[in-house]
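Coordinate analysis (summary)
One-letter residues, chain by chain:
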Amino acid sequence: MSFVTIEKVTKVYEADGESAAVKVLSDVSLEIVEGEFVCLMGPSGSGKSTLLTIVGAMNHPTTGRVLVDEIDVYGLADERRADFRREYLGFVFQQHHLMPYLNSLENAMLPLATASMTTKEKRERAMNVLDKVGLADKASRLPNQLSGGEQGRLAIARAIVNEPPLILADEPTGSLDTKTGQEVMEVFLKLNAQRQTVFMVTHNPENSALAHRIINIVDGRVE
Amino acid sequence: MRISTIAFANLKRRKGKAAFLTIGIAIGIGTAVALLSLSSSIKEEIGSQLDRFGANIVVVPQSNSLSLDYGGLSVSSVSFDVKQLHNEDAKNVLDIPFRNRISNVSPKLLGAVAVEGRDILLAGVDFESELTLKRWWHIAGRKPEDEQDLLVGYEVARALSLIESTTPATTQHVSHGGSHDPGEDKSQFKIVRGNLKVAGKDHNVAGVISQTGGPEDQMIFGSLAHVQSLLNKPDQLSLIEVSALCKDCPIGDIVAQISERLPQAKVSAIQQSVRARSETVERLTRFSGAVAAVVLAIGALMIFTTMMGSVIERTKEIGVLRAIGFRRTHIIKGLMIEVAVISVLGGVLGWGAGMLASWFALPYFAETGAAFEFQPLLAIVAVAAGLIIGTVSSFYPIVRASRLDPSEAVRYV
């Protein structure tokens, strides 16, 4: 059964004073089943990241619908959509975007900041995910005291601390060398092996080769 | 990990910016506190000076017959009064519960006397209290020292040829209530005759009061006991002028207390004087308030600009927080905590700095040594003001931050 359903999604960035209107996605439809590892590939400017942010409940499509676990994401009010992101999604950004002033444990705990649980519970949960990504011994380190691969793993830890059913990753190994990129991919595979659904944007064919399915997108259209 | 953890960590991380904002608020609040504190101290000083600058309560006998006029206030005729005021009554004024608010009591006996063929109003006064009360009088000559000494009003002196015109440099002046500055004196005459026959008796012209435009121009002043004897009214008074120190004092209550103490007298407040005092003091307060408001507005503008810059700078961070599920209200809460910490700190520092500045600056602003008022309660107002200014001026940037479309923010990402 489909866990993510994208129905005829079109996205047009309206013209502003400096640039003309741009149609980034045209009539995109696809489905992802629960526990699937899907890679989205395509050249720069093809609309990969835009599609990912639309699935991520952050970017309203111009037309079309996105259903996650049968929830019409853009039918939700803005604050409810924020709750949806917290409960259903884990984001991993290309540049990781860790908070430089928080240590590894605090960065991993960040999505729990608004959760109604005790600090002890939050710490335990964050330590568990740090352990999962192999950073338990570096909990007190600041991001700039971690290697690139460790930062990538910390970003994954932050994305999964809420135990979201869907992980969205935007070129998570894009800024890493081959070896550290492999470290990060191993974590994704491990998570996917535990039935976590992964939807990843990547340029790297080696990474996409590890996925269950590859979707190619060119000029805003799924091929 | 709570939202406040993120806020405090952010403040710690941006120490320079946080310090800059704190100092900005502290300067604004400090200036306002210093101005308010200074104006409060100076206000009291001005109030006291105004209170000493003439009477604001007049006590006259209860009477149906009014025939003499003094200072625009009618006083009863001596000859027809049934109920008289006596020397003892002047002392009794100082027996009221609000006696510590009374700065001067000046008893008077008024009567018409023949002076070289003219009817002139003679006033018996206690020169010490009278000259304290009438600080605007400039006397050419000297202060009266014995019973035969008189002070003569300008118009009387001119009519009786006691003075003739001259230049200020050749005139000897006596001023009251501080050092005398001859350059400020407008009188241009000198005394040419030192004696005067009043009610058939010889007297010395101790001094002539420079023209005031008031009733004293047409009067002669002698010592109270001597005038009582001359007018054959021993122990009697026509009126008592009272100067009450009116900072926060209900003039009506003082009037009521005197009336109760002197049931045979009619006690009235000179409303014009009271109003003038309160208007002057109010004007000073308004001016201080306006300056403080301008300074605070500049401070608020600074906070607004800095917060706008901060929000733009943190677009990416806010975008990431929104992307991982922070609600708008969570973003607002986090930023508000930061602003509140800075504002409270700025308020407290501003209060301390303002108090200190006021303590240092007071001697330069207040001439007669107005007392510095340490105002711990003002700290609460300062902190509240800091919070209000901080919150109001950051409101728009914070709301704008919370409204950042995550997709827009993600573009930065």
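Calculation criteria
Residues numbered from 1 in each chain as written. Chains lettered and ligands numbered in written order. Predicted model: local features only at pLDDT ≥ 70, side-chain atom pairs only at ≥ 80, totals over all residues. Heavy atoms only, no water. Helix = DSSP H or I, 4+ residues; strand = E, 2+ residues; numbered from the N terminus. Contact = heavy atoms within 4.5 Å. Areas by Shrake-Rupley, 256 points an atom, 1.4 Å probe, with all protein chains shown as cover. Buried area = accessible area lost by both parts, 1.4 Å probe. Salt bridge = Lys/Arg side-chain N within 4 Å of Asp/Glu carboxyl O. Polar contact = N/O pair within 3.5 Å; in protein donor to acceptor, adjacent residues only side chain to side chain. Nonpolar A, V, L, I, M, F, W, Y, C, P; charged D, E, K, R; others polar. Core = buried A, V, L, I, M, F, W, Y, C linked by side-chain atoms within 4.5 Å. Buried < 20%, exposed > 50% of the residue type's maximum accessible area, 1.4 Å probe, protein only. Phe/Tyr/Trp six-rings, centres within 6.5 Å; stacked < 30°, edge-to-face > 60°. Lys NZ or Arg CZ within 6 Å of the ring centre and 35° of its normal. Pairing = 2+ DSSP bridges. Axes fitted to C-alpha atoms, helices over the stretch in contact; angles between N-to-C directions. Arc of directions from axis to C-beta. Patch = residues over 30% accessible without salt bridge, like charges linked within 9 Å, V, L, I, M, F, W, Y side chains within 5 Å. Parallel < 35°, antiparallel > 145°, perpendicular 65-115°, else oblique. Left-handed = near helix turned anticlockwise from the far one by under 90°.

Overview of the overall build of chain B
A tally of regular secondary structure across chain B gives 12 helices and 17 strands. When contacts within chain B are restricted to residue pairs at least 6 apart in sequence, long-range pairs at least 24 apart make up 81% of them.

Some remarks on the overall build of chain A
Counting its regular elements, chain A contains 7 helices and 10 strands. Sequence-distant contacts, at least 24 apart, represent 71% of the contacts inside chain A between residues at least 6 apart. When the accessible surface of chain A is split by element, carbon and sulfur atoms take 46% of a total near 9500 Å².

Side note on the interface of chain A and chain B
Listed per partner, the contact involves 28 residues of chain A and 26 residues of chain B. Carbon and sulfur atoms make up 63% of the area that chain A and chain B hide from each other, which totals about 2500 Å². Scanning the region where chain A abuts chain B turns up 3 salt bridges. At the junction of chain A and chain B, the tally comes to 9 residue pairs in polar contact (both at pLDDT 80 or more). Counting residues per element, the ones that place at least two in the side of chain A that touches chain B are helix H2 (78–88), helix H3 (104–109) and helix H4 (119–132) of chain A. Looking at which element gives the most residues to the side of chain A that touches chain B, the answer is H2 of chain A, with 7 residues. Here the side of chain A that touches chain B is composed, by residue class, of 13 nonpolar, 6 polar and 9 charged.

Focus: the nonpolar core
In terms of nonpolar packing, the biggest core is built from 106 residues, with Ile156, Phe188 and Phe199 of chain A touching the most fellow members. Contacts of Phe188 of chain A, omitting those with residues within four sequence positions, involve Phe37, Val92, Ile156, Ile167, Ala169, Pro172, Val198 and Met200 of chain A. Judged by nonpolar contacts, the second largest core, of 44 residues, contains Val93, Leu162, Ile163 and Leu262 of chain B.

Overview of the packing of aromatic side chains
Under the criterion given, the structure shown has 6 aromatic pairs over all chains. One cation-aromatic arrangement involves Arg101 of chain B over Phe98 of chain B; the distance from NZ or CZ to the ring centre is 5.1 Å.

Examining helix H1 (residues 48–55) of chain A
Among the 8 residues in H1 of chain A, 7 count as buried, and that is most of the element. A positive phi of about 60° marks Ala57 of chain A, the residue just after H1 of chain A.

Topic: the pattern of salt bridges
Should their charged atoms come close, side chains of opposite charge can pair. Residue and element names in this part refer to chain B. Here the structure, examined in full by the defined rule, presents 25 salt bridges over all chains. Two residues, Asp149 and Arg142, come together in a salt bridge whose shortest N-O distance is 2.8 Å. Looking at Asp149, the relative accessible area reads 0%, which means it is buried. Each of Arg13, Arg14, Lys17, Glu313, Arg314, Glu317 and Glu338 takes part in salt bridges that share partners, so that together they form one network.

Comments concerning the side chain of Thr306 of chain B
Secondary-structure assignment places Thr306 of chain B in helix H8 (residues 271–313). The residues touching Thr306 of chain B, leaving out its near neighbours within four places in the chain, are Lys17, Phe20 and Leu21 of chain B.

Side note on the sheet that holds strand E6 (residues 89–92) of chain A
Residue and element names in this part refer to chain A. Spatially, the 6 strands line up as an open sheet ordered E6-E7-E8-E3-E9-E10, and their pairing is mixed. Looking at the sheet topology across the chains shown, the edges are occupied by E6 and strand E10 (221–222). Of the pairings in the sheet, the one linking strand E7 (residues 166–170) to strand E8 (residues 197–201) comprises 5 bridges and is parallel in character. By the bridge assignment for E8, Leu168 is matched with Phe199. The sheet strands contacting helix H5 (residues 148–160) are E6 and E7, and the helix crosses E6 at an angle near 165°.

Quick word on the pairing of strand E16 (residues 239–244) of chain B
Residues and elements named next belong to chain B. For E16, the tally of buried residues reaches 6 of 6 residues, placing the bulk of the element in the interior. Taking every second residue as pointing to the same face, both faces of E16 are buried, with Leu239, Glu241 and Ser243 on one and Ile240, Val242 and Ala244 on the other. Where strand E1 (residues 57–61) and E16 come together, 3 bridges link them in antiparallel fashion. Bridge pairing links Val58 to Glu241 in E16. In the sheet, strand E5 (residues 102–115) pairs with E16 via 6 bridges, with the strands oriented antiparallel. From the neighbouring strand, Ile102 faces E16, where its bridge partner is Ala244.

Notes on the sheet that holds strand E4 (residues 63–68) of chain A
All names here are of chain A. The 4 strands are arranged E2-E1-E4-E5 in an open sheet whose pairing can be described as antiparallel. Each of the sheet's edge strands pairs with one partner strand only, and the pair in question is strand E2 (22–33) and strand E5 (71–72). Bridging between strand E1 (residues 2–13) and E2 involves 8 bridges; their strand directions are antiparallel. Across the sheet, residue Ser2 finds its bridge partner in E2, namely Val33. In the packing of H1 onto the sheet, the strands contacted are E1, E2 and E4, and the crossing angle to E1 comes to about 125°.

Some remarks on helix H7 (residues 251–261) of chain B
Among all positions in H7 of chain B, only Ile251, Ile254, Val255, Gln257 and Ile258 of chain B are buried. Angularly, the buried residues of H7 of chain B cover 165° about the axis, an arc narrow enough to put them on a single face.

Comments concerning the pairing of strand E3 (residues 37–41) of chain A
Residue and element names in this part refer to chain A. The buried fraction of E3 is high, at 5 of 5 residues. Residues Phe37, Cys39 and Met41 of E3 are buried on one face, and the alternating residues Val38 and Leu40, pointing to the opposite face, are buried as well. With 4 bridges connecting them, E3 and E8 associate as parallel partners. What sits directly across from Val38, in E8, is Phe199. As judged from the 4 bridges shared by E3 and strand E9 (residues 213–218), these two strands associate in the parallel manner. Residue pairing for E9: Met41 is matched across the bridge by Asn216.

Thoughts on a nonpolar patch on the surface
Residues and elements named next belong to chain B. Among the surface-exposed residues, Val344, Val348 and Leu387 lie close enough to one another that they form a single nonpolar patch of about 190 Å² accessible area. Relative to the helices and strands, Leu387 resides in helix H11 (residues 377–402). In this structure Leu387 comes out as partly exposed when scored by relative accessible area, which is 31%.

So, the packing of H4 of chain A against H5 of chain A
Residue and element names in this part refer to chain A. Orientation of H4 relative to H5, taken along the N-to-C sense of each, is 135°, at an axis distance of 9 Å. As judged from the angle between their axes, H4 and H5 are oblique. Of the two possible hands of crossing, H4 and H5 adopt the one that is right-handed. On the side of H4, the interface is formed by Val129, Leu130 and Lys132, while H5 contributes Leu154, Ala157 and Ile160. Partitioning the contact of H4 with H5 into residue classes produces 5 nonpolar, no polar and 1 charged.

Notes on unusual backbone geometry
Note: most peptide bonds trans; most residues except glycine with negative phi. Located in the positive-phi region is His97 of chain A, a residue other than glycine, with phi close to 50°. Along the polypeptide, His97 of chain A turns up in the loop between E6 and H3. Take His97 of chain A: its relative accessible area is 8%, and that puts it in the buried class. Even without glycine at this site, Glu116 of chain B takes up a positive phi of about 45°. Relative accessible area serves as the criterion here: at 41%, Glu116 of chain B is assigned to the partly exposed category.

Coordinates in, geometry out; function isn't part of it.
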